[in-house]
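So the chains spell out like this:
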Amino acid sequence: MHRLLAFYRSTIGKKMIMAITGIILLGFLIAHVVANLLIFQPGGAKLNAYSAFLKSTGEALWVARAVLLVSVILHIIAAVQLTLLDRAARPVSYARKQPQAATIASRTMRLGGVLILVFIVYHLLHFTFGTVHPSFVEGDVYQNVLNGFRDPLVVAFYVAALAMLGLHLFHGIWAGFRSLGVRPPGASPLQRPIALVLSLFIWLGFTIIPIAVYLGWVK
């Protein structure tokens, strides 16, 4: 128990937690985007049927939700703790920063994480609870999506937030692989094909939906 606690308190332990919880959340995002693409099936019967199937699983659905919630909380806690450790190790900032091999994705991870958290809260209020939805109908996911993306400001917010999610995933997937030892550090950190493909798939799959609905491609 003492060793486990010591490992958790270490930088490596926190990175491992971020990697493992990140993989769980990545799996959810892949499944979620694939399901959401059912919006392009005419009439919405398949999307609504999928939603009804999830609700019919009962306790299994709540277990999945609990795992996702715990993963999000642990991911955030580990990220905050790593940030504090990094600042404590370097209390005085560099006079001049030269990113070198760093990408926009890696440099926006912390800010992006905060914005993504805000987006998640809004998204739940928008499509899960219907609190901020203009005409929410319980069980009619298809119609909720059509009505939810009529406002150009809402669409713009989703597009911006999903772009940040894509950047976050691009760096996070790569960093997670390295933390788990799947791929050791190399001389060319910009070569991240798996992270690029997965992040592009999730970003594009989610982003095309609000745009397509707003432009009238989905009716």
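In the block above lies the structure referred to throughout.
Position labels on residues start from 1 in each chain and follow its written sequence. Note on the predicted model: pLDDT of at least 70 is required for a residue's local features to be given, and 80 or more for side-chain atom pairs to be given and counted; whole-chain, interface and lining totals, by contrast, use all residues. The basis for the side-chain values is all heavy atoms of the structure; hydrogens and waters are excluded.

A. Summary view of the packing of helix H8 (residues 152-179) against helix H9 (residues 193-214). Between H8 and H9, the least distance of the axes is 8 Å, while the angle of their chain directions is 170°. Relative to H9, the element H8 is oriented roughly antiparallel. Residue polarity follows a fixed list, in which Ala, Val, Leu, Ile, Met, Phe, Trp, Tyr, Cys and Pro are nonpolar, Asp, Glu, Lys and Arg are charged, and the others, Gly among them, are polar. Its residues assigned to classes, the contact of H8 with H9 comprises 22 nonpolar, three polar and no charged. Note on geometry: axes are C-alpha line fits, over the in-contact stretch for helices, and angles between N-to-C directions span 0 to 180 degrees. Note on conventions: DSSP H or I runs of at least 4 residues are helices, E runs of at least 2 residues are strands, and numbering of each starts at the N terminus. Orientation is classified from the angle alone, with under 35 degrees giving roughly parallel, over 145 giving roughly antiparallel, 65 to 115 giving roughly perpendicular, and any other angle giving oblique.

B. Spotlight on the pattern of salt bridges. Any carboxyl oxygen of Asp or Glu that lies within 4 Å of a side-chain nitrogen of Lys or Arg is treated as forming a salt bridge with it. Taken as a whole and judged by the stated rule, the model has one salt bridge. Between Lys-55 and Glu-138 there is a salt bridge; the shortest N-O distance is 2.9 Å. With a gap of 83 residues between them, Lys-55 in helix H3 (residues 45-56) and Glu-138 in the loop between helix H6 (109-128) and helix H7 (141-148) connect regions that are remote in the sequence. Throughout this description, buried means an accessible area under 20% of the type-specific maximum (1.4 Å probe, protein chains only), exposed means over 50%, and partly exposed covers the range between. A relative accessible area of 59% places Glu-138 in the exposed class.

C. View of the packing of aromatic side chains. Put simply, two rings from Phe, Tyr or Trp (the six-membered ring, in Trp's case) pair if the centres are within 6.5 Å, and we call them stacked under 30 degrees between planes, edge-to-face over 60, tilted for the rest. Summed over the entire model, instances satisfying the criterion amount to eight aromatic pairs. Consider the rings of Tyr-122 and Tyr-158, whose centres lie 6.2 Å apart with planes at 70°: the pair is edge-to-face. Of this pair, Tyr-122 sits in helix H6 while Tyr-158 sits in helix H8, and the two are 36 residues apart along the sequence. The exposure class of Tyr-122 is partly exposed, given its relative accessible area of 22%. Site record: aromatic cluster; members linked through ring pairs are Phe-119, Tyr-122, Phe-127, Phe-149, Phe-157 and Tyr-158. Residue placement shows Arg-65 over the ring face of Trp-62; its charged tip is 4.7 Å from the ring centre. Our definition puts a charge over a ring when NZ of Lys or CZ of Arg is within 6 Å of the ring centre and also within 35 degrees of the ring normal.

D. How the structure looks around the environment of Gln-41. Looking at where Gln-41 falls in the secondary structure, it is placed in the loop between helix H2 (11-36) and H3. Taking relative accessible area as the criterion, Gln-41 reaches 32% and is therefore assigned partly exposed. Excluding anything up to four places from it in sequence, Gln-41 contacts Lys-46 and Tyr-142. Here, residues are in contact when the closest pair of their heavy atoms is within 4.5 Å.

E. Representation of the packing of helix H1 (residues 2-9) against H2. Two elements in contact, H1 and H2, have axes whose closest approach is 4 Å; the angle formed by their N-to-C orientations is 80°. In terms of axis orientation, H1 runs roughly perpendicular to H2. Contacts between H1 and H2 involve Phe-7, Tyr-8 and Arg-9 from the former and Thr-11, Ile-12, Gly-13, Lys-14, Met-16 and Ile-17 from the latter. Of the residues in the contact of H1 with H2, the class split is five nonpolar, two polar and two charged.

F. Examining H6 more closely. Multiplying 1.5 Å by the residue count of a helix minus one yields the expected span of that helix. The terminal C-alpha atoms of H6 lie 26 Å apart, and with 20 residues this matches the ideal 28 Å at 1.5 Å per residue to within 8%. Listed as buried for H6 are Met-109, Gly-112, Ile-116, Phe-119, His-126 and Phe-127. Burial along H6 is one-sided: seen end-on, the buried residues are contained in an arc of 95°. Among the structural elements, helix H5 (104-107), H7 and H8 are those in contact with the buried residues of H6. Looking one or two residues past H6, Gly-130 carries a phi angle of roughly 75°, positive in sign. Arc definition: it is the arc formed by the directions from the helix axis to the C-beta atoms.

G. Quick peek at a nonpolar patch on the surface. Nonpolar side chains (Val, Leu, Ile, Met, Phe, Trp, Tyr) are joined into patches within 5 Å and like charges within 9 Å, using only residues with over 30% relative accessible area and no salt bridge. Surface exposure here means Shrake-Rupley accessible area, sampled with a 1.4 Å probe, where a residue is shielded only by the protein chains that are shown. Residues Ile-20, Ile-23, Ile-24, Val-63, Val-67 and Leu-180 make up a contiguous nonpolar surface patch of about 460 Å² in total accessible area. Within the residue set of the nonpolar patch, elements represented by two or more residues are H2 and helix H4 (59-89). Ranked by the residues each element gives to the nonpolar patch, the list is headed by H2, at three residues. When you line up the elements, Ile-23 lands in helix H2.

The quantities given are spatial measurements derived from coordinates; they are silent on function.
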